[in-house]
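Now for the letters of each chain:
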Amino acid sequence: MTERFTGNFTQQEPIPDEGIEAALQVLRHGRLHRYNVAEGEIAETALLEQEFAAFTGARFCLAVASGGYAMATALRAVGVKPGDTVLSNAFTLAPVPGAIASLGAQVVFVGVTEDLTIDLDDLSAKIGQARVLLLSHMRGHICDMDALMAICDAAGVTVIEDCAHTMGGGWNGVASGRHGVMAAYSCQTYKHMNSGEGGLLITDDEELAARAVMLSGSYMLYDRHLAAPGPEVFERIKYDTPNISGRMDNLRAAILRPQLQSLDAQVARWNERYQMIEAGLRDTPGLQVIERHEAEQYVGSSIQMLLLDWSADKIGEVIARCDARGVELKWFGGEEPVGFTSTYRSWRYANAPLLPDSDRVLAGIVDMRVPLTFSLDDCALISRIIRAEVSAVYQSQV
Ligand SMILES: *Cc1c(COP(=O)(O)O)cnc(C)c1O
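Since this is a predicted model, take the numbers as computed values, not measurements. (Residues numbered from 1 in each chain as written. Predicted model: local features only at pLDDT ≥ 70, side-chain atom pairs only at ≥ 80, totals over all residues. Heavy atoms only, no water.)

Caption draft 1: Looking closely at the overall build of the chain. Each helix and strand counted, the chain has 13 helices and 14 strands in total. Rg of the C-alpha trace for the chain: 21 Å, near the compact-globule value of 21 Å for 398 residues, within the 12% margin. C-alpha atoms of the chain, sized along the principal axes, occupy 70 × 50 × 35 Å. Residues classed as buried in the chain amount to 56% of the 398 residues present. Sequence-distant contacts, at least 24 apart, represent 73% of the contacts inside the chain between residues at least 6 apart. In the structure as shown, the chain presents an accessible area of about 16,300 Å², 50% of it carried by carbon and sulfur atoms. The positive charge centre, built from 33 side chains, and the negative charge centre, built from 51, are 5 Å apart in the chain. (Helix = DSSP H or I, 4+ residues; strand = E, 2+ residues; numbered from the N terminus. Rg over C-alpha atoms; globule rule 2.2 N^0.38 Å. Buried < 20%, exposed > 50% of the residue type's maximum accessible area, 1.4 Å probe, protein only. Contact = heavy atoms within 4.5 Å. Areas by Shrake-Rupley, 256 points an atom, 1.4 Å probe, with all protein chains shown as cover. Lys, Arg positive; Asp, Glu negative; His and termini not counted. Charge placed at Lys NZ, Arg CZ, Asp CG, Glu CD.)

Caption draft 2: Local environment of helix H11 (residues 312-324). Spanning 13 residues, H11 covers 18 Å between terminal C-alpha atoms, matching the ideal 18 Å at 1.5 Å per step. The set of residues buried in H11 consists of Lys-314, Ile-315, Val-318, Ile-319 and Cys-322. Seen along its axis, H11 keeps its buried residues to an arc of 140°; they face one direction. Facing away from the buried side of H11 by over 90 degrees, the exposed positions are Asp-313 and Ala-324. Looking at the buried positions of H11, the neighbouring elements they touch are strand S13 (330-331), strand S14 (365-369) and helix H13 (376-397). With its phi angle positive at about 90°, Gly-326 sits one or two positions after the end of H11. (Expected span 1.5 Å × (residues − 1). Arc of directions from axis to C-beta.)

Caption draft 3: Quick look at the pairing of strand S5 (residues 158-162). A large share of S5 lies buried, amounting to four of its five residues. Pairing of strand S4 (residues 132-136) with S5 involves five bridges; the strand directions are parallel. Along S5, the bridge assignment pairs Leu-135 with Glu-161. After leaving S4, the chain enters helix H6 (residues 145-155) and then returns to the sheet as S5, a path that is right-handed. The pairing of S5 with strand S8 (residues 182-186) spans three bridges and is classified as parallel. Paired with Glu-161 across the bridge in S8 is Ala-183. (Pairing = 2+ DSSP bridges. Right-handed = clockwise from strand over helix to strand, strands pointing away.)

And the structure:
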(Lines give C-alpha, C1' and ligand atoms only; values in the text may rest on other atoms or scores of the structure.)
Protein backbone atom coordinates (compact mmCIF):
# COMPACT_ATOMS: atom_id res chain seq x y z
CA MET A 1 0.00 0.00 0.00
CA THR A 2 1.26 3.48 -0.82
CA GLU A 3 1.37 5.67 2.26
CA ARG A 4 -0.21 9.10 2.03
CA PHE A 5 0.02 12.11 4.34
CA THR A 6 -3.21 13.98 5.03
CA GLY A 7 -2.06 16.83 7.33
CA ASN A 8 -2.00 20.53 6.50
CA PHE A 9 1.34 22.29 5.94
CA THR A 10 -0.01 25.77 6.68
CA GLN A 11 -2.02 24.99 9.81
CA GLN A 12 -0.39 26.47 12.91
CA GLU A 13 -1.42 25.74 16.47
CA PRO A 14 -4.23 27.82 17.97
CA ILE A 15 -3.44 30.86 20.10
CA PRO A 16 -2.94 29.65 23.71
CA ASP A 17 -5.98 30.12 25.99
CA GLU A 18 -4.08 32.68 28.04
CA GLY A 19 -3.57 34.76 24.90
CA ILE A 20 -7.24 34.49 23.97
CA GLU A 21 -8.23 35.63 27.49
CA ALA A 22 -5.82 38.57 27.36
CA ALA A 23 -7.08 39.53 23.91
CA LEU A 24 -10.68 39.48 25.14
CA GLN A 25 -9.76 41.80 27.98
CA VAL A 26 -8.26 44.29 25.54
CA LEU A 27 -11.34 44.02 23.35
CA ARG A 28 -13.62 44.53 26.36
CA HIS A 29 -11.91 47.71 27.54
CA GLY A 30 -11.35 48.94 23.99
CA ARG A 31 -7.96 50.55 24.49
CA LEU A 32 -6.24 48.95 21.52
CA HIS A 33 -3.95 51.82 20.62
CA ARG A 34 -0.70 51.41 22.51
CA TYR A 35 -0.71 54.96 23.90
CA ASN A 36 -4.34 54.79 24.99
CA VAL A 37 -3.97 53.73 28.62
CA ALA A 38 -6.12 54.23 31.71
CA GLU A 39 -4.68 55.92 34.81
CA GLY A 40 -1.87 53.72 36.15
CA GLU A 41 -2.27 51.16 33.37
CA ILE A 42 0.71 49.78 31.48
CA ALA A 43 -0.03 48.87 27.87
CA GLU A 44 0.31 45.26 26.73
CA THR A 45 2.62 46.54 23.99
CA ALA A 46 5.01 48.12 26.49
CA LEU A 47 5.02 44.93 28.57
CA LEU A 48 5.73 42.78 25.52
CA GLU A 49 8.69 45.01 24.64
CA GLN A 50 10.07 44.72 28.14
CA GLU A 51 9.68 40.94 28.11
CA PHE A 52 11.21 40.50 24.66
CA ALA A 53 14.18 42.68 25.61
CA ALA A 54 14.72 40.43 28.63
CA PHE A 55 14.32 37.30 26.48
CA THR A 56 17.06 38.38 24.05
CA GLY A 57 19.19 40.25 26.56
CA ALA A 58 18.90 43.50 24.60
CA ARG A 59 18.65 46.86 26.39
CA PHE A 60 15.86 48.16 24.17
CA CYS A 61 12.93 46.74 22.24
CA LEU A 62 10.20 48.20 20.04
CA ALA A 63 7.05 46.40 18.85
CA VAL A 64 5.89 47.32 15.35
CA ALA A 65 3.42 46.39 12.64
CA SER A 66 5.50 43.80 10.73
CA GLY A 67 8.92 42.28 10.30
CA GLY A 68 9.33 44.18 7.06
CA TYR A 69 8.54 47.44 8.85
CA ALA A 70 11.06 46.57 11.59
CA MET A 71 13.81 46.10 8.98
CA ALA A 72 12.99 49.35 7.16
CA THR A 73 12.93 51.19 10.49
CA ALA A 74 16.34 49.79 11.41
CA LEU A 75 17.74 50.89 8.04
CA ARG A 76 16.33 54.39 8.57
CA ALA A 77 17.59 54.55 12.14
CA VAL A 78 21.18 53.75 11.11
CA GLY A 79 20.97 56.49 8.50
CA VAL A 80 20.54 54.74 5.15
CA LYS A 81 19.57 57.37 2.56
CA PRO A 82 18.02 57.19 -0.91
CA GLY A 83 20.65 56.05 -3.41
CA ASP A 84 22.84 54.35 -0.78
CA THR A 85 23.79 50.74 -1.35
CA VAL A 86 22.97 48.04 1.21
CA LEU A 87 24.42 44.52 1.17
CA SER A 88 21.99 41.64 1.69
CA ASN A 89 21.49 37.94 1.02
CA ALA A 90 20.67 36.61 -2.43
CA PHE A 91 18.81 33.78 -0.65
CA THR A 92 16.06 35.44 1.34
CA LEU A 93 12.41 36.42 1.13
CA ALA A 94 10.91 39.37 -0.74
CA PRO A 95 10.36 41.67 2.32
CA VAL A 96 14.15 41.91 2.80
CA PRO A 97 15.12 43.55 -0.51
CA GLY A 98 11.73 45.25 -0.25
CA ALA A 99 12.72 46.98 2.99
CA ILE A 100 15.86 48.29 1.27
CA ALA A 101 13.88 49.43 -1.77
CA SER A 102 11.35 51.20 0.47
CA LEU A 103 14.08 53.69 1.40
CA GLY A 104 15.07 54.27 -2.20
CA ALA A 105 18.33 52.45 -1.49
CA GLN A 106 19.95 49.90 -3.78
CA VAL A 107 20.55 46.30 -2.73
CA VAL A 108 23.80 44.50 -3.58
CA PHE A 109 23.20 40.75 -3.24
CA VAL A 110 25.73 38.49 -1.56
CA GLY A 111 25.76 34.83 -2.60
CA VAL A 112 24.66 31.70 -0.75
CA THR A 113 26.72 28.58 0.06
CA GLU A 114 25.64 24.93 0.09
CA ASP A 115 25.07 25.39 3.85
CA LEU A 116 22.39 27.91 2.82
CA THR A 117 24.21 30.68 4.67
CA ILE A 118 25.70 33.88 3.31
CA ASP A 119 28.90 33.30 1.31
CA LEU A 120 31.60 34.98 3.43
CA ASP A 121 34.09 35.05 0.53
CA ASP A 122 31.58 36.89 -1.62
CA LEU A 123 30.83 39.17 1.33
CA SER A 124 34.53 39.98 1.72
CA ALA A 125 34.78 40.72 -2.00
CA LYS A 126 31.82 43.15 -1.87
CA ILE A 127 32.27 44.62 1.60
CA GLY A 128 33.66 47.89 0.23
CA GLN A 129 30.48 48.58 -1.72
CA ALA A 130 28.24 49.56 1.20
CA ARG A 131 28.19 50.83 4.79
CA VAL A 132 25.36 48.55 5.91
CA LEU A 133 24.66 44.81 5.70
CA LEU A 134 21.06 43.64 6.18
CA LEU A 135 21.87 40.02 7.09
CA SER A 136 18.98 37.60 6.65
CA HIS A 137 19.16 34.32 8.57
CA MET A 138 17.00 32.84 5.87
CA ARG A 139 15.12 29.67 6.86
CA GLY A 140 16.98 29.77 10.15
CA HIS A 141 20.47 29.04 8.78
CA ILE A 142 23.02 30.99 10.79
CA CYS A 143 26.47 31.54 9.30
CA ASP A 144 29.68 31.68 11.35
CA MET A 145 28.71 34.91 13.12
CA ASP A 146 32.17 35.46 14.60
CA ALA A 147 33.72 35.36 11.12
CA LEU A 148 30.98 37.56 9.66
CA MET A 149 31.32 40.18 12.38
CA ALA A 150 35.12 40.21 11.96
CA ILE A 151 34.70 40.99 8.24
CA CYS A 152 32.11 43.70 8.87
CA ASP A 153 33.87 45.27 11.85
CA ALA A 154 37.16 45.49 9.96
CA ALA A 155 35.40 47.30 7.12
CA GLY A 156 33.28 49.53 9.38
CA VAL A 157 30.08 48.00 8.01
CA THR A 158 27.00 48.19 10.25
CA VAL A 159 25.13 44.89 10.59
CA ILE A 160 21.33 44.69 10.92
CA GLU A 161 19.98 41.17 11.43
CA ASP A 162 16.77 39.79 9.95
CA CYS A 163 15.79 37.15 12.52
CA ALA A 164 12.37 36.27 11.09
CA HIS A 165 13.39 32.58 11.13
CA THR A 166 15.79 32.59 14.09
CA MET A 167 13.64 33.98 16.92
CA GLY A 168 14.61 31.73 19.84
CA GLY A 169 17.81 30.56 18.12
CA GLY A 170 21.43 31.56 18.63
CA TRP A 171 25.08 31.24 17.68
CA ASN A 172 27.57 29.89 20.18
CA GLY A 173 25.32 30.73 23.12
CA VAL A 174 24.56 34.28 21.91
CA ALA A 175 20.89 34.87 21.03
CA SER A 176 20.26 35.41 17.34
CA GLY A 177 19.95 39.14 16.82
CA ARG A 178 22.60 40.09 19.38
CA HIS A 179 25.58 40.37 17.00
CA GLY A 180 24.40 43.23 14.84
CA VAL A 181 23.62 46.75 16.00
CA MET A 182 19.89 46.12 15.52
CA ALA A 183 17.78 43.04 14.81
CA ALA A 184 14.29 42.61 13.37
CA TYR A 185 11.84 39.76 14.10
CA SER A 186 8.47 38.93 12.57
CA CYS A 187 5.31 37.81 14.41
CA GLN A 188 3.47 36.90 11.24
CA THR A 189 1.44 33.68 11.35
CA TYR A 190 4.16 31.49 9.78
CA LYS A 191 6.96 32.58 12.14
CA HIS A 192 7.75 31.52 15.72
CA MET A 193 5.12 33.64 17.49
CA ASN A 194 1.82 34.34 15.80
CA SER A 195 -0.17 37.56 15.97
CA GLY A 196 -1.20 37.45 12.32
CA GLU A 197 1.08 40.39 11.57
CA GLY A 198 3.65 42.07 13.78
CA GLY A 199 7.33 42.76 14.29
CA LEU A 200 9.90 43.38 17.00
CA LEU A 201 13.11 45.40 16.85
CA ILE A 202 15.94 45.21 19.38
CA THR A 203 19.14 47.15 19.97
CA ASP A 204 21.58 48.12 22.73
CA ASP A 205 22.19 51.54 21.16
CA GLU A 206 20.16 54.25 22.89
CA GLU A 207 20.13 56.70 20.02
CA LEU A 208 19.06 54.05 17.50
CA ALA A 209 16.37 52.90 19.93
CA ALA A 210 15.05 56.44 20.36
CA ARG A 211 15.04 57.02 16.60
CA ALA A 212 13.18 53.77 16.02
CA VAL A 213 10.52 54.69 18.60
CA MET A 214 10.01 58.12 17.00
CA LEU A 215 10.01 56.65 13.49
CA SER A 216 7.36 54.10 14.47
CA GLY A 217 4.95 56.90 15.34
CA SER A 218 5.30 57.65 19.05
CA TYR A 219 4.48 61.35 18.65
CA MET A 220 5.87 62.73 21.94
CA LEU A 221 4.48 59.86 24.05
CA TYR A 222 7.75 57.95 24.22
CA ASP A 223 7.74 58.05 28.02
CA ARG A 224 5.06 55.31 27.91
CA HIS A 225 7.68 52.79 26.80
CA LEU A 226 9.36 50.47 29.29
CA ALA A 227 12.13 49.22 27.01
CA ALA A 228 13.23 52.56 25.51
CA PRO A 229 15.96 55.00 26.58
CA GLY A 230 15.31 57.99 28.85
CA PRO A 231 13.80 61.32 27.74
CA GLU A 232 17.23 62.98 27.43
CA VAL A 233 18.01 60.74 24.46
CA PHE A 234 14.73 61.63 22.76
CA GLU A 235 15.53 65.32 23.32
CA ARG A 236 18.53 64.90 21.01
CA ILE A 237 16.62 63.36 18.11
CA LYS A 238 12.97 64.35 18.38
CA TYR A 239 13.07 67.34 16.02
CA ASP A 240 14.79 65.58 13.16
CA THR A 241 13.18 62.14 13.18
CA PRO A 242 10.06 61.77 11.03
CA ASN A 243 6.95 59.84 12.09
CA ILE A 244 6.42 56.91 9.72
CA SER A 245 3.60 55.18 11.57
CA GLY A 246 3.93 51.43 12.03
CA ARG A 247 3.14 50.76 15.70
CA MET A 248 1.97 47.48 17.14
CA ASP A 249 -1.38 47.55 18.95
CA ASN A 250 -2.33 46.13 22.35
CA LEU A 251 -4.45 43.34 20.91
CA ARG A 252 -1.49 41.76 19.13
CA ALA A 253 0.81 42.28 22.09
CA ALA A 254 -1.73 40.56 24.36
CA ILE A 255 -1.76 37.54 22.05
CA LEU A 256 2.03 37.43 21.87
CA ARG A 257 2.98 37.72 25.54
CA PRO A 258 1.92 34.18 26.55
CA GLN A 259 3.56 32.81 23.40
CA LEU A 260 6.86 34.37 24.42
CA GLN A 261 6.64 32.56 27.75
CA SER A 262 6.50 29.22 25.95
CA LEU A 263 8.88 30.03 23.09
CA ASP A 264 11.79 27.94 24.40
CA ALA A 265 9.51 24.93 24.84
CA GLN A 266 8.12 25.44 21.32
CA VAL A 267 11.66 25.59 19.91
CA ALA A 268 12.38 22.20 21.49
CA ARG A 269 9.22 20.77 19.90
CA TRP A 270 10.18 22.17 16.48
CA ASN A 271 13.62 20.65 16.74
CA GLU A 272 12.30 17.20 17.67
CA ARG A 273 10.23 17.28 14.50
CA TYR A 274 13.07 18.67 12.40
CA GLN A 275 15.49 16.03 13.64
CA MET A 276 13.00 13.26 12.99
CA ILE A 277 12.60 14.37 9.36
CA GLU A 278 16.32 14.98 8.90
CA ALA A 279 17.17 11.49 10.20
CA GLY A 280 14.66 10.01 7.77
CA LEU A 281 16.17 11.88 4.81
CA ARG A 282 19.84 11.34 5.56
CA ASP A 283 21.71 9.16 3.00
CA THR A 284 18.92 9.33 0.43
CA PRO A 285 20.76 8.95 -2.91
CA GLY A 286 20.87 12.26 -4.80
CA LEU A 287 19.65 14.28 -1.81
CA GLN A 288 21.88 16.43 0.39
CA VAL A 289 20.70 17.32 3.90
CA ILE A 290 21.93 20.68 5.20
CA GLU A 291 24.54 19.99 7.87
CA ARG A 292 24.19 22.33 10.85
CA HIS A 293 27.23 23.83 12.55
CA GLU A 294 27.65 22.69 16.15
CA ALA A 295 27.69 26.31 17.34
CA GLU A 296 24.32 26.95 15.69
CA GLN A 297 21.23 26.82 17.91
CA TYR A 298 18.64 26.57 15.18
CA VAL A 299 14.87 26.50 15.26
CA GLY A 300 13.58 23.74 12.98
CA SER A 301 10.35 25.44 11.94
CA SER A 302 11.12 24.49 8.34
CA ILE A 303 13.54 22.09 6.68
CA GLN A 304 15.53 22.39 3.46
CA MET A 305 17.27 19.81 1.33
CA LEU A 306 19.42 20.11 -1.77
CA LEU A 307 18.83 18.27 -5.03
CA LEU A 308 22.08 19.68 -6.34
CA ASP A 309 22.66 19.64 -10.11
CA TRP A 310 19.32 17.94 -10.82
CA SER A 311 17.48 19.06 -13.93
CA ALA A 312 14.46 21.31 -13.47
CA ASP A 313 12.25 18.59 -14.94
CA LYS A 314 13.37 15.98 -12.45
CA ILE A 315 12.94 18.30 -9.48
CA GLY A 316 9.48 19.12 -10.79
CA GLU A 317 8.76 15.41 -10.93
CA VAL A 318 9.82 14.91 -7.29
CA ILE A 319 7.62 17.78 -6.19
CA ALA A 320 4.61 16.50 -8.16
CA ARG A 321 5.02 12.96 -6.86
CA CYS A 322 5.36 14.11 -3.23
CA ASP A 323 2.36 16.39 -3.72
CA ALA A 324 0.30 13.46 -4.97
CA ARG A 325 1.05 11.78 -1.65
CA GLY A 326 0.10 14.83 0.41
CA VAL A 327 3.61 16.24 1.02
CA GLU A 328 3.92 19.89 0.00
CA LEU A 329 7.44 20.83 -1.01
CA LYS A 330 8.48 24.25 -2.27
CA TRP A 331 11.18 24.77 -4.81
CA PHE A 332 13.34 27.88 -4.82
CA GLY A 333 14.80 27.19 -8.24
CA GLY A 334 11.80 27.78 -10.46
CA GLU A 335 12.08 30.47 -13.14
CA GLU A 336 8.73 31.96 -12.14
CA PRO A 337 8.17 33.00 -8.51
CA VAL A 338 5.32 30.99 -6.94
CA GLY A 339 3.74 31.62 -3.53
CA PHE A 340 6.36 32.50 -0.96
CA THR A 341 9.23 31.17 -3.04
CA SER A 342 11.34 33.55 -5.03
CA THR A 343 14.96 34.24 -5.76
CA TYR A 344 16.96 37.43 -6.25
CA ARG A 345 16.32 37.12 -9.99
CA SER A 346 12.61 37.71 -9.37
CA TRP A 347 13.29 41.13 -7.80
CA ARG A 348 14.12 42.83 -11.08
CA TYR A 349 13.84 46.32 -9.59
CA ALA A 350 17.14 45.52 -7.88
CA ASN A 351 18.91 45.18 -11.23
CA ALA A 352 21.24 42.59 -9.76
CA PRO A 353 24.05 40.99 -11.72
CA LEU A 354 23.80 37.18 -11.92
CA LEU A 355 25.51 35.04 -9.29
CA PRO A 356 26.24 31.71 -11.04
CA ASP A 357 27.53 29.85 -7.95
CA SER A 358 24.45 30.87 -5.99
CA ASP A 359 22.18 30.03 -8.92
CA ARG A 360 23.47 26.46 -8.78
CA VAL A 361 22.59 26.22 -5.06
CA LEU A 362 19.25 28.03 -5.38
CA ALA A 363 18.25 25.76 -8.26
CA GLY A 364 18.54 22.76 -5.94
CA ILE A 365 16.84 24.04 -2.77
CA VAL A 366 13.69 22.20 -1.79
CA ASP A 367 11.91 23.59 1.22
CA MET A 368 9.23 22.33 3.57
CA ARG A 369 7.39 23.88 6.50
CA VAL A 370 7.27 21.97 9.79
CA PRO A 371 4.22 23.24 11.68
CA LEU A 372 3.86 22.17 15.32
CA THR A 373 0.52 20.61 14.46
CA PHE A 374 2.53 17.69 12.97
CA SER A 375 3.13 14.75 15.32
CA LEU A 376 6.45 12.91 15.36
CA ASP A 377 4.73 10.04 13.54
CA ASP A 378 3.63 12.52 10.87
CA CYS A 379 7.26 13.62 10.51
CA ALA A 380 8.47 10.03 10.13
CA LEU A 381 5.81 9.39 7.48
CA ILE A 382 6.66 12.57 5.58
CA SER A 383 10.34 11.67 5.46
CA ARG A 384 9.52 8.14 4.22
CA ILE A 385 7.45 9.63 1.39
CA ILE A 386 10.13 12.14 0.36
CA ARG A 387 12.82 9.48 0.54
CA ALA A 388 10.84 7.07 -1.63
CA GLU A 389 9.95 9.65 -4.28
CA VAL A 390 13.42 11.22 -4.46
CA SER A 391 14.94 7.75 -4.77
CA ALA A 392 12.51 6.70 -7.49
CA VAL A 393 13.15 9.81 -9.62
CA TYR A 394 16.89 9.69 -8.95
CA GLN A 395 17.13 6.08 -10.11
CA SER A 396 15.26 6.92 -13.29
CA GLN A 397 17.99 9.50 -14.14
CA VAL A 398 21.01 7.25 -13.79
C1 LIG B 1 8.56 36.75 6.98
C2 LIG B 1 9.91 37.28 6.76
C3 LIG B 1 10.25 38.60 7.07
C4 LIG B 1 9.29 39.63 7.61
O5 LIG B 1 8.06 39.48 7.15
P6 LIG B 1 6.73 40.29 7.53
O7 LIG B 1 5.72 39.53 6.76
O8 LIG B 1 6.95 41.67 7.05
O9 LIG B 1 6.54 40.23 9.00
C10 LIG B 1 11.55 38.97 6.91
N11 LIG B 1 12.48 38.12 6.46
C12 LIG B 1 12.19 36.86 6.14
C13 LIG B 1 13.29 35.96 5.68
C14 LIG B 1 10.90 36.40 6.27
O15 LIG B 1 10.61 35.14 5.94
